[in-house]
Amino acid sequence: MQRTLFKLYAASLVAAAVFILSYDISTHAAAGAIHNQNVTFPLDRRKQKNPAPGPTNTQSSQSTISSWEDNILGKTTLRDIGAINHTIQSSDIVQNEFIVQFDGYYSKTDRHLIIFAAASGANIINSSMGVLERTNLGNAYPSDFDVLQIAPTFINKVGNIHHARIKSITPQRRFVGSLKSFHKKADWKSYFKKFPGVHFHRSRVPLKAIGNNKQIAEAVQAKQMWDAGFKGQGVKVAIFDTGLPAKHPHFKNVIERSDWTDEETSDDGLGHGTFVAGMIGGSSSECPGLAPESELYIFRVFTNNQVSYTSWFLDAFNYAILRKINVLNLSIGGPDFMDKPFVEKVWELTANHVIMVSAIGNDGPLYGTLNNPADQMDVIGVGGVDYSNNIARFSSRGMTTWELPAGYGRIKPDIVTYGLNVYASDLTGGCRALSGTSVASPVVTGAVALLLSSVKKNQRDLINPGSIKQCLLASADRLPSANIFEQGIGKLNLVEAYKVLSSYQPQASLVPSYLDFTECPYMWPYCSQPIYYTAMPIVANITVLNGMGVAGTIKGSPTWHPYASHNGKYIDVSFSYSNSLWPWSGYFAVSISVKSEAEQWEGVAQGHVELTVVSPSEDNYEGGEQSTVKLFIKVKIIATPPRAKRILWDQFHNLRYPAGYFPRDDLHTKNDPLDWNGDHIHTNFRGLYLHLRDAGYFIEVLGSPYTCFNARHYSTLLIVDPEEEYFPDEISKLHKDLTEEGLSVVVFADWYNSSVMTKVKFYDENTRRWWMPETGGSNIPALNNLLHPYGAALSDRVSEGSFVVSSHEVYFASGTSILQFPPNSMILSKPLKDQGKEILSGFSSELKESVPILGLHKIPGGNGGKLVVYGDSNCIDDAHLTTDCYWLMDALLHFITQGILSPALESDKGLKKMKSQFKVAGEFPKRMEGNHLFKYSKVLEAHLGKPIPRPLPSCPTLEWELPFFINESSPQFMWKPQKLSLTKPDKALLRKINSAFVPLKSGLGKRFKSDQHLHVMKIFLAVFLTVAILMIIFTRFLAGPRRRLSPRFLIRCCFNWWKVYRHQTATVSYRHSNLVKFPSIDHPGV
């Protein structure tokens, strides 16, 4: 009977498969008929080897694209292979190609019908458009997007394409990466000579090279998992990279290799994909992967020229969902978090239970250099450390810049692990060492594969991207000398992660789990400056992880509980948070301010925030689970500092990539032409921040217009490298602050010249498009509007050169000069080269002219402040720092607060006092015609032509939470993250994991192996049986009244001897092992 039922079931499956296959073939045949009947537009023009340049056509195309693209997120994309050092080569929009996203997955026929129906409604004829044919594996399945190609004459009508099934239309993006490996110490040492002024931890030492005998599996304790039987078996791991050779000897379990490029090969021509795959699933004895029995799915998404397209990733991501991938490794990245189709597809991946692990980037040691998608909340972003547990210099640092200027960035990376001199497979079948966060990422991916293989079948419904991330972070080891924006929560601890996972219960958690603003260096920058009355509210952006379900909400309103016995009454707290936690995560921003009662008080205030996360069950939306978490808060309060020590940093008027092309401030920068670090005092101006704090100044950040701060609280407004326009009300209000309120303004500008901007545009021969900057290093026309009431203005001359002021060497990198300045001012002039002329002519010259670069002016009147303008910000910007000019900032602040020049400036012969108005021959800089700054501006109306300001927005107001006082205190050891709620673990399996590591034998320097224990036991049993048999025979023939030895007595003695031997071995293991932590009170229930 059972055999008959089985045969019927098998026959039904075969019939269903034949039906689906026949339906699919007929569907695609119909789609092909529609395509061939209606479309004559040439497709796939990317395969043209050397297309003739067409500047005129491409410029006209660019202008038409911008006419409909106003409401589309993003303009350009940088997403390159993150290996090993991130080097940007080029990235831009593909001419005439657009990604059409649908509201669901449809067959090819249905998608084409929708597109042509929508295009017909927009009066686009079929012969001028077509859908790009895809030849990859995803072509056989329904999809949620297509790539539409349109002739240049109809691009201006793309914005008129509408359909109920079309969700969005976004330009197709092409990105090119450049691999740069750090093979030896000299490589990375020469690379980091570019950052002489960057502040590093004093505990850091020269990075150690790892010997050939060091294996990453041993370093992260993977062998303990192997010995317990967990090697990644049954776990599907996808590797998105440069491919893998077909018959590489290191790989025994490659399930599928697929090519998503236009090169029609799955082989690896670069070696990067092979190296990454070897770290995860390699089986070489010399350089084994962490999960050698995991099932590898190789996705080749980069060509041998390191070129990829957004559409290639979208197709590959869809196929990964179809194949039900468990873990996906992305050792790639770029700064474009506004590539909407890519970001949304990553959300969809994780929502479908795909655990994504991605490299955080190799753009360190600068801050604000996080790469996407590693900076997304639902992705595990991985940074790198060396084998001495120092943060690798190349590892990108936080914060995220999505939230600027109004908010504050989130904590990233999530976790760090080994990324320097790690050994894995090369193309030839051997092993090699490479460094980078693209090396650290597969370490975590392999660790996740091991963890998943250890999960019992009845607990696999608990595994999801949220729960795995919670377990990794809850078990991470804190590095004592690194801050939270360098290490995230800490360093990967695989064995501890297994212990947490084996006892995991679905719940919500917070990242970070507490805010202790007195804990340095971990809580930098929060711990670097105490808070006080009238200061701008401090914003901490917390990530909420939801391990209970893909979707969730925060129930009701979070509550604020100040501790009555710990001065909680002195602080106000306000919240803003995600309306929905999807997928698996959301944000929870906390704003903290000091009450007026603490104006002259100094001390520590404490309290906690309590919130409840509710997650519906998958089968019943009304049911589900809920979890309550606490965020402990501890802040240092001081009496309000004197006005002379308070500086306000203007963040509101800084713009950066993405989405527009905002060029670097130093025109000599070739490898990374985009300004994308956020221009925040805690990112690429971190060195200046540290210097000012050491000098006793207090720096606050303004994320709103000038109409939203009280000038009486501050001595100086610091305007550095602004790209934004100014509201007329801002200009009026600032004029009043300078003339009546005693506020002073310091401006550090940068280059601006419309001809140079045209010269530094990009032209890509493959995409046949010009990529024009939206402004110069600074928006000088806007700055001149701000300075106009004082009779000051900057020119469009671009100057460069070195000079000396007193004993200080200064490098003036691509700066601007002063065109005019008010009477009774002081002007500093220095001989500099005309860099703009060199760029336009193409010839270098050593001819130097005296150029006015610094102006100082005292505003007339008793309450007038001071105006200081300097033409270059590169000497205070960590991204371009050659020789810092922090001494100049000290001198300028001395002039502002004391009213006199510092000796460093006063003694310089280039400084002249001007009784009459200073003016240099030349015209005022003009805005470049056809620029699209309005698309990214918070000030301008969205249209071409003369810039028109929007209505002035209202100032942000915070609603302070009602306090619910309690008589509690924060945990005694706040540096320990909050522990997850755990069930009772499988103690037998934990003992197996703990005993898998066998220690160094005392005095011998060799490790016992588990098979050596087995061999010793076999010998012992053999000897025991032999002796027992001989004793039994001997006692039988023993004469006389002497007592006979019982065989049971002999067996008991031998058993006791064996217990003593095992006890001694376990004692040695406990004393000599500092890698494995035995169950302790660190995890409740263990």
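Residues numbered from 1 in each chain as written. Predicted model: local features only at pLDDT ≥ 70, side-chain atom pairs only at ≥ 80, totals over all residues. Heavy atoms only, no water.

Visitor: Mind showing me how you'd approach the overall build of the chain here?
Guide: A count of helices and strands for the chain gives 23 helices and 39 strands. Within the span of the chain, comprising 1086 residues, buried residues form 59% of the whole. For the chain, the share of sequence-separated contacts (at least 6 apart) that also reach a separation of at least 24 residues comes to 80%. When the accessible surface of the chain is split by element, carbon and sulfur atoms take 54% of a total near 44,000 Å². (Helix = DSSP H or I, 4+ residues; strand = E, 2+ residues; numbered from the N terminus. Buried < 20%, exposed > 50% of the residue type's maximum accessible area, 1.4 Å probe, protein only. Contact = heavy atoms within 4.5 Å. Areas by Shrake-Rupley, 256 points an atom, 1.4 Å probe, with all protein chains shown as cover.)

Visitor: Any chance you could explain helix H13 (residues 494-502) here in plain terms?
Guide: Think of an α-helix as 3.6 residues a turn; residues three or four steps apart then line up on the same face. The buried count for H13 comes to nine of nine residues, which makes it a mostly enclosed element. Every buried residue belonging to H13 is among Leu494, Val495, Glu496, Ala497, Tyr498, Lys499, Val500, Leu501 and Ser502, and all of these are buried. Between the side-chain oxygen at the start of H13 and the backbone nitrogen of valine 495 there is a gap of 3.5 Å, and the oxygen is on asparagine 493. (Polar contact = N/O pair within 3.5 Å; in protein donor to acceptor, adjacent residues only side chain to side chain.)

Visitor: Just to check I follow, could you spell out the state of the cysteines for this structure?
Guide: Disulfides are covalent bonds that connect the sulfur atoms of two cysteines. The full count for this structure, using the stated rule, is four disulfides. Here cysteine 708 connects covalently by a disulfide to cysteine 955, the sulfurs 2.0 Å from one another. One quick way to see it: the torsion about the S-S bond of cysteine 708 and cysteine 955 is about -90°, and its sign makes the bridge left-handed. A residue pair is termed long-range when its members are at least 10 positions apart, and cysteine 708 in the loop between strand S26 (698-702) and strand S27 (716-720) and cysteine 955 in the loop between strand S39 (918-919) and helix H21 (987-996) qualify at 247 residues. (Disulfide = S-S within 2.5 Å.)

Visitor: Even after reading the chapter, I still don't get the packing of helix H10 (residues 437-453) against H13, so can you show me in this structure?
Guide: The contact between H10 and H13 brings their axes to 10 Å, and the two run at 35°. Every pair of crossing elements has a handedness; the one defined by H10 and H13 is right-handed. Facing H10, whose interface residues are Ala447, Leu450 and Leu451, H13 presents Leu494, Ala497, Tyr498 and Leu501. (Axes fitted to C-alpha atoms, helices over the stretch in contact; angles between N-to-C directions. Left-handed = near helix turned anticlockwise from the far one by under 90°.)

Visitor: How should I be thinking about the packing of helix H8 (residues 310-322) against helix H9 (residues 340-351) in this particular structure?
Guide: Working note: a packed helix pair is described by the angle between its axes plus the distance between those axes. Taken N-terminus to C-terminus, the directions of H8 and H9 make an angle of 10°; their axes are 10 Å apart at the nearest point. In terms of orientation, H8 lies roughly parallel with respect to H9. Within the contact between the two elements, H8 uses Thr310, Phe313, Leu314, Phe317, Asn318, Ala320 and Ile321 and H9 uses Pro341, Phe342, Lys345, Val346, Glu348 and Leu349. (Parallel < 35°, antiparallel > 145°, perpendicular 65-115°, else oblique.)

Visitor: Before we go on, may I ask you to explain the side chain of asparagine 779 in this structure?
Guide: Its place among the elements puts asparagine 779 in the loop between strand S30 (769-771) and helix H17 (780-787). For asparagine 779, a relative accessible area of 3% puts it in the buried group. Separated by 3.2 Å, the side chain of asparagine 779 and the backbone oxygen of glutamate 723 make a polar contact. Beyond its immediate stretch of four places on either side in the chain, asparagine 779 contacts Pro722, Glu723, Glu724, Glu725, Tyr752 and Leu933.

Visitor: Help me understand the packing of aromatic side chains, please; the structure alone is not making it clear to me.
Guide: Aromatic ring pairs are defined here through the distance separating the ring centres and the angle between the ring planes. Under the counting rule described, the total for this entry stands at 31 aromatic pairs. A network of ring pairs unites the aromatic residues Tyr141, Phe240, Trp260, Phe299, Phe302, Phe313, Phe317, Tyr319 and Phe342 as a single cluster. The ring of tryptophan 402 has arginine 410 lying over it, and the distance from NZ or CZ to the ring centre is 5.7 Å. It is arginine 646 that lies over the ring of tyrosine 714; its NZ or CZ is 4.8 Å from the centre. (Phe/Tyr/Trp six-rings, centres within 6.5 Å; stacked < 30°, edge-to-face > 60°. Lys NZ or Arg CZ within 6 Å of the ring centre and 35° of its normal.)

Visitor: Even after reading the chapter, I still don't get the sheet that holds strand S18 (residues 514-516), so can you show me in this structure?
Guide: Read from one edge of the open sheet, four strands run S18-S24-S23-S20, paired in mixed fashion. Two strands in the sheet have a free side with no partner beyond their single neighbour: S18 and strand S20 (553-562). Looking at each pair of strands side by side, their axes are set apart by 15° on average, direction ignored. By the bridge criterion, 13 bridges tie strand S23 (residues 603-615) to strand S24 (residues 625-637) in an arrangement that is antiparallel. Paired with glycine 607 across the two strands is isoleucine 633, which belongs to S24. (Pairing = 2+ DSSP bridges.)

Visitor: It is not clear to me how the nonpolar core should be interpreted in this structure. Could you clarify?
Guide: In globular proteins that are soluble, nonpolar side chains generally tend to be buried together. The biggest cluster of nonpolar side chains holds 157 residues, and the ones touching the most others in it are Leu472, Ile637, Leu854, Tyr870 and Ile876. When residues in this core are grouped by element, the largest group, ten residues, is from H10. Setting aside chain neighbours within four positions, we find tyrosine 870 in contact with Val747, Phe748, Ala749, Phe803, Val810, Phe812, Ile853, Leu854, Cys875 and Leu888. Core analysis: the second largest hydrophobic core is formed by 46 residues, Leu702, Val745, Val756 and Leu787 among them. (Core = buried A, V, L, I, M, F, W, Y, C linked by side-chain atoms within 4.5 Å.)

Visitor: Just checking my understanding: could you explain the pattern of salt bridges for this structure?
Guide: Where charged atoms from two side chains of opposite charge come close, those side chains can pair. On inspection of all chains with the given rule, the structure shows 30 salt bridges. A salt bridge links aspartate 908 to lysine 830, with the nearest nitrogen and oxygen atoms 3.0 Å apart. With a gap of 78 residues between them, aspartate 908 in the loop between helix H20 (903-906) and strand S38 (911-914) and lysine 830 in strand S35 (residues 825-834) connect regions that are remote in the sequence. We note that aspartate 908, like lysine 830, is buried. A single salt-bridge network, built from bridges that share partners, covers Arg111, Arg134, Asp146 and Asp315. (Salt bridge = Lys/Arg side-chain N within 4 Å of Asp/Glu carboxyl O.)

Visitor: What am I meant to see in unusual backbone geometry here?
Guide: Comment: phi is negative for the bulk of residues other than glycine, and the bulk of peptide bonds are trans. Cis peptide bonds are those with omega within 30 degrees of zero, and the linkage from leucine 404 to proline 405 qualifies with 5°. Turning to its location among the elements, proline 405 is positioned in the loop between strand S13 (380-385) and strand S14 (415-418). The linkage connecting lysine 412 with the following residue, proline 413, adopts the cis geometry, with an omega of 0°. Along the chain, the position of proline 413 falls in the loop between S13 and S14. Notably, glutamate 264 is not glycine yet its phi reads approximately 55°, a positive angle. Tracing the sequence through the fold places glutamate 264 in the loop between strand S7 (254-259) and helix H7 (272-281). What makes glutamate 264 exposed here is its relative accessible area of 61%. Here the phi dihedral of serine 814 falls at roughly 55°; this positive angle occurs in a residue that is not glycine. Taking relative accessible area as the criterion, serine 814 reaches 0% and is therefore assigned buried.

Visitor: Help me out: how do you make sense of the sheet that holds S7 in this one?
Guide: Hydrogen bonding along the main chain pairs the strands of a sheet, whether they run parallel or antiparallel. Spatially, seven strands are ordered S7-S8-S6-S10-S12-S13-S14 in an open sheet, and the strand pairing comes out parallel. Among the strands making up the open sheet, the edge pair consists of S7 and S14. The mean inter-strand angle of the sheet, taken between neighbouring strand axes irrespective of direction, is 25°. Relative to strand S12 (residues 355-359), strand S10 (residues 327-330) runs parallel, the two sharing four bridges. Bridge pairing links leucine 328 to methionine 356 in S12.

Visitor: I'm lost on the pairing of strand S4 (residues 143-150) in this one. Help?
Guide: Looking along a regular strand, one sees the side chains alternate between the two faces of the sheet. Judged by how many residues are buried, S4 sits mostly within the fold: eight of eight residues are covered. Pairing geometry for strand S3 (residues 129-131) and S4, over three bridges, is antiparallel. Looking at S4, one finds that glycine 130 is bridged to glutamine 149.

Visitor: Which parts of the structure should I look at to understand the environment of lysine 569?
Guide: Inspection of the secondary structure assignment puts lysine 569 in the loop between S20 and strand S21 (571-577). A relative accessible area of 45% places lysine 569 in the partly exposed class. Taking the C-alpha atoms as reference points, lysine 569 and alanine 598, 29 residues apart in sequence, are found 9.3 Å from one another. When residues no more than four places from it in sequence are discounted, the contact partners of lysine 569 are Pro562, Lys595 and Phe965.

Visitor: Honestly, the environment of aspartate 378 in this entry has me stumped. Any pointers?
Guide: Tracing the sequence through the fold places aspartate 378 in the loop between S12 and S13. Overall, the relative accessible area of 5% leaves aspartate 378 in the buried class. Distance in space between the C-alpha atoms of aspartate 378 and isoleucine 355 is 8.6 Å, their sequence separation being 23 residues. If near-sequence neighbours (up to four positions away) are discounted, aspartate 378 is found in contact with Val346, Trp347, Thr350, Pro583 and Ser585. A polar side-chain atom of aspartate 378 sits 2.7 Å from a polar atom in the side chain of threonine 350.

Keep in mind these numbers describe shape, not what the thing actually does.
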